[in-house]
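Listed below, chain by chain, are the residues.
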Amino acid sequence: MSTLTTGTAKRWNEENTVEHPIIEWLLTPELGWRFEDQVAVNERYRTDEVEVLLLPILRQKLKDLNPGVVTDDARAEVILTKLRGIRDNAEWFAWMRNEETYKFSAEESAQAIKLIDYDELTENDFLSTNQFWVDGGDHRIRTDVLLFVNGIPL
C-alpha cells in the first residue's frame with residue numbers, strides 16, 4: 001500500500017494512480033526529496049494562498065547559502081521583498097542561476113546572491129507536496145504535484 005494513503009483500499013483516481021507514485025519516486029534515496037502534505041505546508045510555511053514562495057524556508061536558505069552577505073533576517077527580508085516583486089520570467093531565471101547581485105548599502109559593493117547551491121546539492125532543501133492551492137485572483141488553481149527547491153516552486 002502507498003505510504004501516502006490512509007485507509008484500507010486505494011481509490012482509483014488521479015491522486016492515487018499518478019500523484020502518489022510520482023511522490024514515492026521522489027522520496028527514493030537516489031532523488032532525496034522530502035514530502036509534506038498541503039495542509040502541513042500551508043500551516044508551516046504560508047500565510048495565505050496568494051503566496052507561492054515558502055518564505056520561512058527561503059529566508060533560512062538565503063542565510064545558509066550566503067554567509068557573510070545575508071547575515072541576518074533583515075537582509076534576508078530585503079532579498080525576499082525583491083524576489084516577491086519580480087514578474088519577469090527571465091529575471092527569475094537569472095536569480096535562480098545565481099547570476100544576480102544585490103547592494104545592501106552605499107558603503108558595500110554589490111554581492112552575488114545564491115538561491116540554489118549547484119555545487120553541493122545536499123545543501124538545498126527539496127520539498128514535494130501535492131494538491132497545493134494557489135489563489136490567482138480571478139480563479140484558484142490546484143497543482144497535482146509541486147516541487148520546491150529552497151522554498152521556490154518549480
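Everything here concerns the structure above.
Positions within a chain are numbered from 1, following the residues in the order the chain's sequence is written. Side-chain atom pairs in this predicted model are given and counted only at pLDDT of 80 or more, local residue features only at pLDDT of at least 70, and totals for whole chains, interfaces and linings cover all residues. The basis for every side-chain value is the complete set of heavy atoms in the structure, and neither hydrogens nor water enter the calculation.

*Asks:* What's the story with the layout of surface pockets in this structure? I'm lost.
*Replies:* Regions of empty space are outlined by a rolling probe, equal in size to a water molecule, passed over the atoms. Here a cavity is any set of points on a 1 Å grid over the protein atoms alone where a 1.4 Å probe fits but cannot get out, and a pocket is any open set with protein on both sides within 12 Å along at least 5 of 7 lines; a residue lines the site when it has an atom within 4 Å of a point. Grid points are joined across faces, edges and corners, and a volume is the space filled by probe spheres set on the points. Each pocket or cavity is described by its volume, and for the largest pocket that value is around 420 Å³. Elements that contribute at least two residues to the lining of the largest pocket include exactly α4 (73-84), α5 (89-96) and β6 (152-153). A run of H or I in DSSP becomes a helix once it reaches four residues, and a run of E becomes a strand once it reaches two; helices and strands are each numbered from the N terminus. The element best represented in the lining of the largest pocket is α5, accounting for four residues. Residues are grouped as follows: Ala, Val, Leu, Ile, Met, Phe, Trp, Tyr, Cys and Pro are nonpolar; Asp, Glu, Lys and Arg are charged; all remaining types, including Gly, are polar. Taken together, the residues that form the lining of the largest pocket break down as 11 nonpolar, one polar and three charged.

*Asks:* I keep staring at the pairing of strand β4 (residues 126-135) and nothing clicks. Help me out?
*Replies:* Along any regular strand, the residues point their side chains to alternate faces of the sheet. For the exposure calls, accessible area comes from a 1.4 Å probe over protein chains only, and a residue counts as buried if that area is under 20% of its type's maximum, exposed if over 50%, partly exposed in between. Among the 10 residues that make up β4, seven are buried, leaving the element largely enclosed by the rest of the structure. Looking at chain direction, strand β1 (residues 34-35) and β4 are connected through two bridges and run parallel. Each residue of the ladder has a partner; that of Phe 35, found in β4, is Ser 128. Relative to strand β5 (residues 140-149), β4 runs antiparallel, the two sharing nine bridges. Across the sheet, Val 134 pairs through a bridge with Ile 141, a residue of β5. We call two strands paired when DSSP finds no fewer than two bridges between them. Linking β4 back to β5 in an antiparallel pair, the connection comprises four residues, with Gly 137 at a positive phi of about 95°.

*Asks:* I keep staring at the side chain of Thr 129 and nothing clicks. Help me out?
*Replies:* Looking at the element boundaries, Thr 129 is found in strand β4. When its relative accessible area of 0% is taken as the criterion, Thr 129 is described as buried. Of the polar contacts made by the side chain of Thr 129, one reaches the backbone oxygen of Glu 36; its length is 2.7 Å. Within the structure, the side chain of Thr 129 is placed 3.3 Å from the backbone nitrogen of Gln 38, a separation counted as a polar contact. Among residues more than four places away in sequence, those in contact with Thr 129 are Ile 23, Phe 35, Glu 36, Asp 37, Gln 38, Val 41, Asp 144, Val 145, Leu 146 and Phe 148. For the purposes of these results, a polar contact is taken to be a pair of N or O atoms within 3.5 Å, where, inside protein, one atom must be able to donate a hydrogen and its partner to accept one; residues adjacent in sequence count only when each atom of the pair is a side-chain atom. Two residues form a contact once any of their heavy atoms are found within 4.5 Å.

Bear in mind that shape data such as this cannot, by itself, settle questions of function.
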